[in-house]
Amino acid sequence: MSFVDLKSKRQSKSRRTYVSCPSNHDTPHTSAPLPPQVTAKTQTNEDTRLPASESILVPGVPGHSNYTGDVSMDVSVTRSPMSETAGSAAPSATARTFLHDNEHRRILPEGGLYKELPSRIAMKESAGIGRGLWHQGSTNIRPGDVILSLRPHVFTLSTTYLESHCSGCAGTPASGLKRCSGCRKVWYCTPTCQNGDWPIHKSECAAVQNWSTEAPSEKVSVPSDAVRCLGRILWQVKRKGTGSIWAKEIQAMQSNRKLIHPSAVEGHTHLAQSIVRYLGASSPTELEDYGIMSTADLVDVISRFIINTIALTTPSLTPIGVAVSPLVALINHSCAPNVVVVFPRSKKDSGNEPLVKVVALRNIAPGEEILMSYVDTTLPKSLRQNALTETYNFQCCCKACIESSEVDPREATWCPKACGGMCPLPTEKNRISRCTSCRAVISDPDAVMDAARVGQEALDKAASLKDNNKAKILTTNIIPVLMSAGLTPSTHPLLAIFKLHQTLLISSFPTPLTQDVLNETIRTAGKYSAGLSAVLDEGHPVRAMVLVELGKLLAVDEPSPPGSQTMNGSFPPSGPARLKVAYETLLRARKELLIGFGRQTEGGAVGDDVRETLVALEKELGVWSTGIRNVLEDTPRARITRVE
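None of the values given here were measured: they were computed from a predicted structure. (Residues numbered from 1 in each chain as written. Predicted model: local features only at pLDDT ≥ 70, side-chain atom pairs only at ≥ 80, totals over all residues. Heavy atoms only, no water.)

A few words on the overall build of the protein chain. Each helix and strand in the protein chain was counted, giving 15 helices and 20 strands. Per-residue burial over the protein chain gives 53% buried out of 644 residues. Of the roughly 28,600 Å² of accessible surface on the protein chain, 53% is carried by carbon and sulfur atoms. (Helix = DSSP H or I, 4+ residues; strand = E, 2+ residues; numbered from the N terminus. Buried < 20%, exposed > 50% of the residue type's maximum accessible area, 1.4 Å probe, protein only. Areas by Shrake-Rupley, 256 points an atom, 1.4 Å probe, with all protein chains shown as cover.)

Structure follows, in structure tokens:
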């Protein structure tokens, strides 16, 4: 089971500076990840001999990429890191000096920690909240500004992606990859990547071989990404020393050892057993070189990893592994975040990938806290709070969770009188639901609640099915039920079902592609995009990627376009009208990519791809216009005969 799967299983699926409040515990919650510096030179007494690379080339994985906003991304996924709680014992390496600044105390890191923290960003500590990052510059940080850009302390690829992505840079070069001849599990794109990774892979290589030899089957012959990532962290601690800056920044990250949620105990225990076996330790004394002097220390290592890990993604937001960055982990949580964490892979940054970038989603004023989301913000409040409690052990007190509006777009239905307004989704506690515009009352709240419940059950079942055709039948049948019940496109679970249905449609495109299937996919993508627009800020990378997907679907050649190009105004249109809509959609997507992935990176690799697609569409539209003009010019004008 991958680390992302483990988190998903456990979670079952503000502008204001104070965003996290303790959940009935005496120990206050804090959050925090830090910047990674993994460029240390190999010690002179180390064996620097590399295993030969085989000439087996593996092309990059082509095709459609599923993207999530939780990191999780839907992102999901993508959750963020945190750093030591005020109630936990901080190591001596984290000695700090405080400067009083209203109710927040600025922390001046000592001992060389957090050197990659920009001068305009300050680390502060608040009572009951803990450490966080704050904007201390004199001017606003603008949407699309890159606040942090750094290489994670450590990252590992999920097992599924080991053969398709380089373990040194997480890239997928067109020239292919070469496999390590030692473990035969890890691949690299160039000798440079292999040489750079060897100081750590030398230990990893032997550990993977031992694990594979003892594995009961080929299916489990490679440890999970979580085990391999923890192994890399501990080998680096041993290599650099527990007193190194690198190790101190890892140790400074928060551990919730004393507050582990009951649902997480099994996962922690399994991970602890796996990492001890992976390291090849047969006695407690063999763990001392890694800074692990007791069982409590081992649990701390695992807890820091779980709550501070971020998802390693492709530029299109597909999760491909895990990464740990102590500086990024310093950023606190909000369900109304003002920044996002992405891996754009800009051409300007080639040679130092993977680079994690923290990008502003909207204006951040001087004195305002930098806030990211640890959970999927398209989920309703109750599900977000459950996820935060189970993984991070706190309840969110951000603007999105505390300030109540009449209607949360994540939990809404259309007005029963079709006035254009919306009603809150009825619940057992609040059965009477009125339209915010005309005040009309939903006459049958039980029917709406039943539809939402059945929709959630259908979503869970469809997501768990291995047969895509059966899952697609399920999503196809449930969407009309939810829409007839009045749920808006942004409402859970309809929004999530739109996303899943689109993914299933694309993954099962027939050969040859039919007009009906293409049009259904475009309509689904359009509804999903409309739903996200009501929930996510303009420029959010998930929202931008969905626009990219929609634009590219519209640009696909029509297998059998209907005779009428306008199709009576229905969506999607046909012929030149469809190409025009594709062009306009991709222009919108590019504008949002420049925000979500950073203006300095020009939208990253996805932005480059969209720019090329726009150029091609401009040429195609020009051909259409020229062709029509030529036809009109070649058509002889009808003679007008005067009738006497």
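This part is about the state of the cysteines. Within this structure, the stated rule accounts for zero disulfides. Cysteine 189 provides the cysteine sulfur closest to cysteine 193, a residue in no disulfide bond, and the two sulfurs are 3.6 Å apart. (Disulfide = S-S within 2.5 Å.)

Before going further, it helps to spend a moment on the packing of helix α5 (residues 265–279) against helix α6 (residues 295–308). Their axes nearest at 10 Å, the elements α5 and α6 cross at an angle of 110 degrees. Taken together, α5 and α6 sit at an angle that is classed as roughly perpendicular. Of the two possible hands of crossing, α5 and α6 adopt the one that is right-handed. Between α5 and α6, the residues in contact are His268, Leu271, Ala272, Ile275 and Val276 and Leu298, Ile302, Ser303, Phe305 and Ile306, respectively. (Axes fitted to C-alpha atoms, helices over the stretch in contact; angles between N-to-C directions. Parallel < 35°, antiparallel > 145°, perpendicular 65-115°, else oblique. Left-handed = near helix turned anticlockwise from the far one by under 90°. Contact = heavy atoms within 4.5 Å.)

In this model, α5 (15 residues) spans 21 Å end to end at C-alpha, consistent with the 21 Å of a helix rising 1.5 Å per residue. Following α5 by one or two positions, glycine 280 has its phi on the positive side, about 80 degrees. (Expected span 1.5 Å × (residues − 1).)

This part covers the nonpolar core. Judged by nonpolar contacts, the single largest core of 89 residues is most densely connected at Leu133, Ile147, Phe305 and Ile370. At eight residues, helix α3 (residues 225–240) tops the list of elements feeding residues into this core. Non-local contacts of leucine 133, meaning those with residues more than four positions away in its chain, are made with Leu117, Ile121, Ala122, Met123, Leu148, Leu327, Leu330, Ile331, Glu369 and Ile370. If you look at the next biggest cluster of nonpolar residues, it comprises 59 residues, including Val359, Leu554, Val610 and Leu617. (Core = buried A, V, L, I, M, F, W, Y, C linked by side-chain atoms within 4.5 Å.)

The next thing to look at is α3. The terminal C-alpha atoms of α3 lie 22 Å apart, and with 16 residues this matches the ideal 22 Å at 1.5 Å per residue to within 8%. Most of α3 sits out of view: 14 of its 16 residues are buried. Positive phi appears at glycine 241, one or two residues downstream of α3, with a value of about 100 degrees.

As a further point, take the packing of aromatic side chains. Scanning the entire structure with this criterion turns up five aromatic pairs. Their ring planes at 55 degrees and their centres at 5.3 Å tell us that tryptophan 235 and tyrosine 278 sit as a pair that is tilted. Taken together, the residues span a long stretch of sequence, with tryptophan 235 in helix α3 and tyrosine 278 in helix α5 at a distance of 43 residues. Considered together, tryptophan 235 and tyrosine 278 belong to a single accessibility category, that of buried residues. Relative to tyrosine 392, the ring of tyrosine 374 lies with its centre 4.9 Å away and its plane at 55 degrees, an arrangement referred to as tilted. Of this pair, tyrosine 374 sits in the loop between β17 (371–372) and α7 (381–392) while tyrosine 392 sits in helix α7; the two residues are 18 residues apart in sequence, bridging distant segments of the chain. When sorted by exposure, tyrosine 374 lands in the same class as tyrosine 392, which is buried. These aromatic residues form a ring-pair network of at least three members: Trp211, Trp235 and Tyr278. (Phe/Tyr/Trp six-rings, centres within 6.5 Å; stacked < 30°, edge-to-face > 60°.)

Further remarks concern the sheet that holds strand β9 (residues 154–157). Taking strand neighbours across the sheet as the criterion, the three strands line up as β9-β13-β12 in an open arrangement whose pairing is antiparallel. Edge strands, defined here as strands with exactly one partner in the open sheet, are β9 and β12 (309–313). When strand polarity is set aside, the average angle formed by the axes of neighbouring strands in this sheet is 30 degrees. Alignment of β9 against strand β13 (residues 319–324), held across four bridges, turns out to be antiparallel. Paired with valine 154 across the strands is valine 324, a residue of β13. Its contacts with the sheet place α3 against β9 and β13, and it is angled at close to 150 degrees to β9. (Pairing = 2+ DSSP bridges.)

We now examine the pattern of salt bridges. Close approach of charged atoms lets side chains of opposite charge pair. Counted according to the given criterion, the structure contains 20 salt bridges. Among the salt bridges present, the one from arginine 257 reaches aspartate 300, with a minimum N-O distance of 2.9 Å. Here aspartate 300 lies in helix α6 and arginine 257 lies in the loop between α4 (245–251) and α5, a separation of 43 residues in the sequence. What makes aspartate 300 buried here is its relative accessible area of 11%. With a closest N to O distance of 3.6 Å, arginine 431 and glutamate 428 form a salt bridge. Arginine 431 sits in the partly exposed class, given a relative accessible area of 32%. (Salt bridge = Lys/Arg side-chain N within 4 Å of Asp/Glu carboxyl O.)

Spatially, the three strands line up as an open sheet ordered β8-β16-β15, and their pairing is antiparallel. With one partner strand each, in any of the chains shown, β8 (146–150) and β15 (339–342) form the two edges of the open sheet. Put simply, the sheet's adjacent strands are angled 10 degrees from each other on average, direction ignored. Here β15 pairs with strand β16 (residues 356–360) via four bridges, running antiparallel. Within β16, the residue paired with valine 339 across the bridge is alanine 360.

Below, the discussion takes up unusual backbone geometry. Most peptide bonds are trans, and most residues other than glycine sit at a negative phi. In this chain, glutamate 353 is followed by proline 354 through a cis amide linkage whose omega measures 0 degrees. For the bond from histidine 492 to proline 493, the omega torsion is 10 degrees, close enough to zero to count as cis. For asparagine 393, which is not glycine, the phi dihedral falls at a positive 65 degrees. For asparagine 393, the location among the structural elements is in the loop between α7 and β18 (394–396). Although it is not a glycine, arginine 439 adopts a positive phi angle of roughly 70 degrees. Looking at the secondary structure, you find arginine 439 in the loop between β20 (422–424) and α9 (445–464).

Right, let's talk about the environment of leucine 157 for a bit. If you trace the backbone, leucine 157 turns up in strand β9. Counting along the chain gives 156 residues from leucine 157 to threonine 313, while the straight-line C-alpha distance between them is 9.5 Å. Excluding residues that lie within four positions of it along the chain, leucine 157 makes contacts with Leu162, His165, Cys166, Ser167, Ala170, Asp225, Arg228, Leu312, Ile320 and Gly321.

What follows covers the confidence of the model for the protein chain. As a note on interpretation, predicted positions should not be read in detail where pLDDT is low. For the protein chain, mean pLDDT is 82; residues scoring 70 or higher make up 79% of the total. Confidence drops under pLDDT 50 across residues 637–644; counting only partners more than four residues distant or on other chains, this segment forms zero contacts. (pLDDT = per-residue confidence, 0-100.)

Interaxial distance between α3 and α5 falls to 10 Å at its minimum, and their mutual angle equals 55 degrees. Compared by their axis directions, α3 and α5 come out oblique. When the axes of α3 and α5 are compared, the crossing they make is right-handed. Note on element contacts: α5 touches α3 through Leu271, Ser274, Ile275, Tyr278 and Leu279, opposite Ala226, Val227, Arg228, Leu230, Gly231, Leu234 and Trp235.

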